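What the coordinates show
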Amino acid sequence: MAAVMRFVKRSCFGSRMGLQCLSLSRSAAVAKLVQDGASAGKTLPERVKIVEVGPRDGLQNEKTVVPSEVKIHLIDMLSEAGLSVIEATSFVSPKWVPQMADQVEVMMGIHRRPGVSYPVLTPNLKGFLAAVNAGAAEVAIFGAASELFSKKNINCSVDESLQRFEVVTKAAKEAGVPVRGYVSCVLGCPYEGKVSPDKVAQVAKRLYSMGCYEISLGDTIGVGTPGGMTEMLQAVSREVPVNALAVHCHDTYGQALANILIALQMGISVVDSSVAGLGGCPYAQGASGNVATEDVVYMLHGLGIQTGVDLPKLMDAGAFICRSLNKKTSSKVAQVTCKL
Amino acid sequence: MGNFPTTVKHCLSYEELIQDYPWLARWLQEEKLALTHEYPEYVKIVEVGPRDGLQNEKEMVPTGVKIQLIDMLSETGLPVIEATSFVSSKWVPQMADHTEVLQAIHRSSHVRYPVLTPNMHGFQDAVAAGATEVAVFGSASETFSRKNINCSIDESILRFEEVICTAKQRQIPVRGYVSCALGCPYEGPIESTKVAEVVKRLYELGCYEVSLGDTIGVGTPGSMAKMLHSVKKEVPSSALAVHCHDTYGQALANILTALQMGICTVDSSVAGLGGCPYAQGASGNVSTEDVLYMLHGMGIKTGVDLSKVIEAGDFICKALNRKTNSKVAQARGDNSMHCRMKKINT
């Protein structure tokens, strides 16, 4: 409306208000609205929420099993770094994911900073109940946009997995526990190859409809580029509001920050990342996986976008966990030590 | 809508517009979400690995290896390969074999082989060795200029003027570089207007293209956009290139920003050769492989065969006994499932 009025004021003040003016005004009004709509797409969010997945997604994909005290200390350091969401652990069977066997101990051992959320993964009702019992106040469920990936990863079809999750979201609703949804393979699958953006949109829509407050779209094998990211987000945002979406980019092909930038330009304001880039790619030995939180924060701050994160403290947490794992950080920002 | 007559309000109301132009609502929603940027259809890659890359590698590389690397790169479809540098071997021992390299490489008719020429002496040696394109290196930072080439920006440009004039007479194209375009290791942030001033001077002197270097990789899409905005006021986008370092992991995001602002020439280095001399252990040049992967994934043509670049990268890394800096090359390594996933993006 404001756009229309701006044009009307410019063209009609000081001239006669005739029919000619009106008809010109209408087509010009359309043009102005179109122009305003176009320029709106280039605005970046003022604030971006970082969802720190290092302690769960990161450590889960590290070969070395990390002692519980180290996990707890890492999470505590991350809490002090200003992160508002830290994925703490996963209530999956320790038979499948030994790294997360100490889920209850970690949950109960961390110092929960006020204002910080500590979601945990709960693949099924059993996991959900165990999580709530251990004090979880937010949970997450993981769907896939690829049938083959779903079968290989959790041994059931996408539909079957969504039915399983519906049981969890229902129970969570009754318990007043928010649920975050994840969709993997949104830009490609290690088994199927290309994944249709419409399929991603369908799965995201179902998770959102069953009560997930936010859907994180995961480029699981990091094959996505800004082209594919754009197409996928266009499809998904037709079904789920943009402010309920997040991106979870892997840096396996070095594309993560470019993909995140595109997502921000398209209105996304929640980004998942992992301190020190913890968590390699299970499909490519030696290749990287999660994008490093330090590198994401560096870019966001450079863009003038607020995150609430204290980068030096974050880097301290990254240095700590790398020492414990006896490995080099995957964060480029952390690797820089100026010798001037 | 204030004091307008009802009929006017009716005609100009959004609801009324929507009735007559039903596509408008959906279009506005889609446009908000859609990428409104236009990307170039084609991006020219300037491969700087053999010169900028190797110059910043600690290991001395035998001449035969340099020649083989350049020959392999010539077969990939790369249109420009920076071959060597005619600087004093006292300062840059890695480039001491400049004449031998330039004379021994197999020059493909589809490829240009610019060489660095910091002064008239270097230019004359380059021409004598058969160079058909040269490059000069300026800086947007006074301190960097003094520390790097021992003179002020003004003095360096006077030096280049002589080279460019002579090159023009001989019809040898000259490419200009401006370092520290997004930050200086000594001065910190650099004013974008200062960058624009230096770029403009090089362009007006006769450089056909000026490459804007984020020498220490500190730039982000924010500072890249600001800098390009200033520079584009003075020099057309078609005469600009970006030379991004990946020291802070920002290179691809910065390159994407540059493409969105109409730049269509990108410098990069095979296997990400060339660390950062100002930050021990940190990376430097962005990897050609990673840049190509992004461009091809976006449907942008480059004429370059990514798998052949990966092979060339593999070759030079074995010769240097080091790991590649390219994430694409790492992902497509041996025994990787990613080898079988080429159908998603080549």
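Please refer to the structure placed before this passage.
Presented here is a report on the structure given in the accompanying data block. (Residues numbered from 1 in each chain as written. Chains lettered and ligands numbered in written order. Predicted model: local features only at pLDDT ≥ 70, side-chain atom pairs only at ≥ 80, totals over all residues. Heavy atoms only, no water.)

**Some words on the pattern of salt bridges**
Enumeration over the complete set of coordinates arrives at 23 salt bridges over all chains. The shortest N-O distance in the salt bridge between Arg180(A) and Glu214(A) comes to 2.8 Å. Taken together, the residues Arg180(A) in strand β6 (residues 179-184) and Glu214(A) in strand β7 (residues 214-219) connect sequence positions 34 residues apart. Glu214(A) matches Arg180(A) in its accessibility class, with the two residues each being buried. Among the salt bridges present, the one from Asp97(B) reaches Lys66(B), with a minimum N-O distance of 2.8 Å. Taken together, the residues span a long stretch of sequence, with Asp97(B) in the loop between β3 (84-85) and α6 (98-104) and Lys66(B) in helix α5 (residues 63-74) at a distance of 31 residues. Salt bridges sharing common partners tie together Lys49(A), Arg180(A), Glu214(A) and Asp272(A). (Salt bridge = Lys/Arg side-chain N within 4 Å of Asp/Glu carboxyl O. Helix = DSSP H or I, 4+ residues; strand = E, 2+ residues; numbered from the N terminus. Buried < 20%, exposed > 50% of the residue type's maximum accessible area, 1.4 Å probe, protein only.)

**Description of the state of the cysteines**
Taken as a whole, this structure holds zero disulfides over all chains when the rule is applied. Here Cys189(A) is not cross-linked by a disulfide; its sulfur's nearest cysteine counterpart is in Cys185(A), at 4.3 Å. With no disulfide of its own, Cys207(B) lies closest to Cys165(B) among cysteine sulfurs, the gap being 11 Å. (Disulfide = S-S within 2.5 Å.)

**A closer look at the nonpolar core**
The nonpolar side chains of a soluble globular protein tend to be buried, and buried together. In terms of nonpolar packing, the biggest core is built from 199 residues, with Val183(A), Leu207(A), Leu217(A), Ile260(A), Val195(B) and Ile255(B) touching the most fellow members. The greatest single-element share of this core, amounting to eight residues, is contributed by helix α11 (residues 256-265) of chain A. In this structure Val183(A) touches Gly143(A), Ala144(A), Ala145(A), Val200(A), Val203(A), Ala204(A), Leu207(A), Ile215(A), Ser216(A), Leu217(A) and Gly218(A), once residues within four positions along its chain are discounted. (Core = buried A, V, L, I, M, F, W, Y, C linked by side-chain atoms within 4.5 Å. Contact = heavy atoms within 4.5 Å.)

**Focus: helix α8 (residues 158-175) of chain A**
Residue and element names in this part refer to chain A. Spanning 18 residues, α8 covers 25 Å between terminal C-alpha atoms, matching the ideal 26 Å at 1.5 Å per step. Three or more residues of α8 are buried, namely Val158, Ser161, Leu162, Phe165, Val168, Thr169, Ala171 and Ala172. Buried positions along α8 lie against α6 (125-133), β5 (139-144), α7 (147-154), β6 and α9 (197-209). Two residues or fewer after α8 comes glycine 176, characterised by a positive phi angle close to 70°. (Expected span 1.5 Å × (residues − 1).)

**Regarding the packing of aromatic side chains**
With the rule as written, the count across this model stands at six aromatic pairs over all chains. The interplanar angle of 25° and the centroid separation of 4.6 Å between the aromatic rings of Tyr253(A) and Tyr293(B) together place this pair among those described as stacked. A residue pair is termed interchain when its members come from two chains, as with Tyr253(A) in the loop between β8 (245-249) and α11 and Tyr293(B) in helix α13 (residues 288-297). Taking the relative accessible area as the measure of exposure, Tyr293(B) reaches 0% and is therefore buried. (Phe/Tyr/Trp six-rings, centres within 6.5 Å; stacked < 30°, edge-to-face > 60°.)

**Let's talk about the sheet that holds strand β2 (residues 80-81) of chain B**
All names here are of chain B. Taken in spatial order, the nine strands make up an open sheet running β2-β1-β9-β8-β7-β6-β5-β4-β3, and their pairing is parallel. Since the sheet does not close on itself, it has two edges, and those belong to β2 and β3, each with one partner. Relative to strand β9 (residues 265-268), strand β8 (residues 240-244) runs parallel, the two being bridged by two bridges. When the sheet's bridge partners are listed, valine 242 is paired in β9 with valine 266. Contacts from helix α11 (residues 221-232) reach β7 (209-214) and β8, with the element oriented near 155° to β8. Here helix α12 (residues 251-260) sits on the sheet and contacts β7, β8 and β9; the angle it forms with β8, its principal contact strand, is near 170°. (Pairing = 2+ DSSP bridges. Axes fitted to C-alpha atoms, helices over the stretch in contact; angles between N-to-C directions.)

**Overview of helix α10 (residues 192-205) of chain B**
For the α-helix, the turn length of 3.6 residues means that residues three or four positions removed from each other point alike. Taking 1.5 Å per residue, 14 residues should reach 20 Å; α10(B) reaches 20 Å between its end C-alpha atoms and fits that length. Gly206(B) sits one or two positions beyond α10(B) and adopts a positive phi of about 135°.

**What to know about the packing of α11(B) against α12(B)**
Residues and elements named next belong to chain B. Between α11 and α12, the shortest axis-to-axis distance is 9 Å and the interhelical angle comes to 35°. In the crossing of α11 with α12, the sense of the turn from one axis to the other is right-handed. Mapping the contact onto sequence places Pro221, Met224, Ala225 and Leu228 in α11 and Ala253, Asn254, Thr257 and Ala258 in α12. Its residues assigned to classes, the contact of α11 with α12 comprises six nonpolar, two polar and no charged. (Left-handed = near helix turned anticlockwise from the far one by under 90°. Nonpolar A, V, L, I, M, F, W, Y, C, P; charged D, E, K, R; others polar.)

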